[in-house]
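Observations on the model geometry
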Amino acid sequence: MTNPSVSASDNKTASAQASSTLAGDINTRAFSTAAIHGGYDTAGNAEACNVPIYATAAFDMHTAEHGDDLASGAVQGFSYSRVANPTTAVLERRLAELEGGAEAVAVGSGMAAVSYALLCAAEDGGRIIAPTSLYGASVDAMLSFFPQFGIHTDFVDDINDLDAVEALITPQTRAIFAESVANPSTEVADVPALAALAHRHGVALIIDNTVPTPYLYRPIEHGADIVVHSTTKGITGHGNAIGGVVIDAGRFDWSQGRYPQFTMVEQAISDERNGEFHSFWDKFGSLAFIRRIRVKYLRTLGAVPSPFNSYLQLVGLETLATRERQEVASTTAIARHLSQHPRIEHVNYAGLGNTAQASLVARDFPDGVGTILSFSPQGDESRVLRIIDAVRVFSYVPNIGDSRSLIVNPARITHREVPARYLQAAGVDDQLIRLSIGLEDVSDLIADLDQAIERAYRD
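These remarks concern the structure in this document.

Conventions adopted
- Residues numbered from 1 in each chain as written.
- Predicted model: local features only at pLDDT ≥ 70, side-chain atom pairs only at ≥ 80, totals over all residues.
- Heavy atoms only, no water.
- Axes fitted to C-alpha atoms, helices over the stretch in contact; angles between N-to-C directions.
- Helix = DSSP H or I, 4+ residues; strand = E, 2+ residues; numbered from the N terminus.
- Parallel < 35°, antiparallel > 145°, perpendicular 65-115°, else oblique.
- Left-handed = near helix turned anticlockwise from the far one by under 90°.
- Contact = heavy atoms within 4.5 Å.
- Nonpolar A, V, L, I, M, F, W, Y, C, P; charged D, E, K, R; others polar.
- Expected span 1.5 Å × (residues − 1).
- Buried < 20%, exposed > 50% of the residue type's maximum accessible area, 1.4 Å probe, protein only.
- Polar contact = N/O pair within 3.5 Å; in protein donor to acceptor, adjacent residues only side chain to side chain.
- Salt bridge = Lys/Arg side-chain N within 4 Å of Asp/Glu carboxyl O.
- Pairing = 2+ DSSP bridges.

1. As for the packing of helix H15 (residues 381–390) against helix H17 (residues 442–456)
Where H15 meets H17, the axes come as close as 8 Å, and the angle between the chain directions of the two elements is 135°. Viewed along their axes, H15 and H17 adopt a mutual orientation that is oblique. Of the two elements, H15 crosses H17, and the hand of that crossing is right-handed. Here Arg383, Arg386, Ile387 and Ala390 of H15 lie close against H17, whose contacting residues are Gln451, Ala452, Ile453, Arg455 and Ala456. Of the residues contributing to the contact of H15 with H17, the split by class is five nonpolar, one polar and three charged.

2. Observations regarding helix H4 (residues 86–99)
In an α-helix, one full turn covers 3.6 residues, which means residues spaced three or four apart are oriented alike. Spanning 14 residues, H4 covers 20 Å between terminal C-alpha atoms, matching the ideal 20 Å at 1.5 Å per step. Across the 14 residues that make up H4, a large majority, 14, are buried. Of the residues flanking the start of H4, the one acting as N-cap is Asn85, its side-chain oxygen 2.9 Å from the backbone nitrogen of Thr87. At the C-terminal side of H4, Gly100 shows a positive phi close to 75°.

3. Some words on the environment of Ile242
Along the polypeptide, Ile242 turns up in the loop between strand S6 (226–230) and strand S7 (244–248). Remark: the alpha-carbon pair of Ile242 and Gly110, spanning 132 residues in sequence, is separated by 7.8 Å.

4. Focus on the pattern of salt bridges
For side chains bearing opposite charge, pairing can occur when the charged atoms are close. In total, this model carries 13 salt bridges according to the counting rule given. A salt bridge links Arg200 to Glu166; the shortest N-O distance between them is 3.4 Å. Pair noted here: Arg200 is in helix H8 (residues 191–200) and Glu166 is in helix H7 (residues 162–168), with a separation of 34 residues, a long-range link. Looking at Arg200, the relative accessible area reads 56%, which means it is exposed. Through salt bridges with shared partners, a single network forms among Glu123, Glu266, Arg292 and Lys296.

5. Focus: the sheet that holds S7
As summarised here, the arrangement of the seven strands in space is S1-S7-S6-S5-S4-S2-S3, forming an open sheet in which the pairing is mixed. At either end of the open sheet lies a strand with only one pairing partner, and these are strand S1 (103–107) and strand S3 (152–156). For this sheet the average axis-to-axis angle between neighbouring strands, irrespective of direction, equals 20°. With five bridges connecting them, strand S4 (residues 173–179) and strand S5 (residues 204–208) associate as parallel partners. Counted as the bridge partner of Glu179 is Asp208 from S5. In the packing of helix H11 (residues 288–301) onto the sheet, contacts are made with S1, S6 and S7, and the angle to S1 comes to roughly 25°.

6. Focus: the pairing of S1
S1 sits mainly inside the fold: five of its five residues count as buried. On S1, burial covers both faces: Glu103, Val105 and Val107 on one face and Ala104 and Ala106 on the other are all buried. Sheet topology note: the S1/S7 ladder contains five bridges and is antiparallel. Pairing of Ala104 across the sheet is with Ile247, part of S7.

Given below as structure tokens:
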């Protein structure tokens with residue numbers, strides 16, 4: 001079994017062929033079918049119907065000549081699981097197909113995916129434009145950690161304010177980064193407009209698509225260049241595995257002057273013995289970004305997913321469409337119920353169609369915006385804490401996208417490291433409760449919330 005993304009030496013023609021193979025099936029078969037069969041061939045896996053778990057650190061190279069060919073990239077194959085593993089390779093191909101991308105690299109967590117993608121784009125002093133409404137760990141990384149590596153972020157309160165975004169673009173800008181659906185506000189990004197703006201300036205658009213998953217939204221179809229996911233969430237769907245993925249549309253021109261890291265000679269993909277020296281762009285063309293993610297970031301920094309976690313993600317992925325349909329229906333019903341509750345001041349759920357984003361949601365998210373919502377009960381923070389302590393069906397955990405329904409107070413947990421000014425701009429305060437809706441019966445979930453709210457207001 002081989003993986004087109006393993007080798008660091010394919011020429012541009014081979015890369016283009018790989019891209020066509022990986023991405024083409026999304027146009028020829030239904031999503032649910034691709035989620036079960038995409039990227040896997042039983043003939044190359046002892047006819048196993050389910051994807052096997054290749055629990056091995058390394059692979060037999062057989063002969064000295066073959067080992068040299070693998071190391072140089074002259075042939076494709078597997079040699080060491082820190083670079084590629086057959087179980088993980090199926091997950092990568094399947095997710096690339098479902099997102100309509102050319103190639104993917106799976107990593108150990110969603111934050112590894114975000115960090116690798118942004119660092120890869122902004123190496124050597126680049127700048128990123130991003131909204132203040134991002135997930136808390138993303139804001140923390142971009143605000144206080146990436147600057148230690150010379151990479152800075154220009155934050156904007158409204159990522160859909162194109163004039164404000166454009167005003168931040170400088171010659172050092174390497175990427176515009178946004179979440180397709182923000183967590184926990186559920187505000188949606190206008191990806192087509194952002195893509196047009198970014199490309200007009202020769203800047204890449206990177207989208208975190210964790211909340212809606214590729215079942216509800218596929219940013220590449222709307223112009224995004226790179227998509228990242230925390231596969232821990234809706235893709236795995238059962239809260240039992242940590243993972244992330246970077247997916248490349250395979251069409252951005254990384255050879256322009258903004259991205260010198262892609263046109264400089266790299267020892268890792270060159271053959272010094274034979275006097276052959278390459279850059280990622282001249283060797284891989286439009287796949288330069290995703291190949292650099294694998295060769296420089298995954299191989300060197302090592303946030304590698306375990307084969308077992310990749311397997312669990314593949315199992316969860318098989319039921320993604322069915323889970324999302326039910327969970328979105330339940331989320332919508334709960335959002336409507338809470339919006340009419342006398343103790344609830346405000347509900348954040350763009351899927352209700354009653355916000356200023358209604359037309360944008362109708363255009364880009366006809367099947368729903370996802371399975372999270374947030375709301376603010378009346379009173380002070382003590383009521384929030386009482387509600388959380390009183391629920392019986394909901395689980396108090398920081399995750400989202402689980403088959404179990406979850407509750408959390410973001411300002412104290414998932415966004416705790418975010419400065420107050422950014423929290424305020426994102427609409428996150430001590431009064432906010434976030435829900436992630438799972439597969440329980442919706443009447444039980446509503447009843448649980450009702451009794452918790454009632455108990456919270458007993459004097």
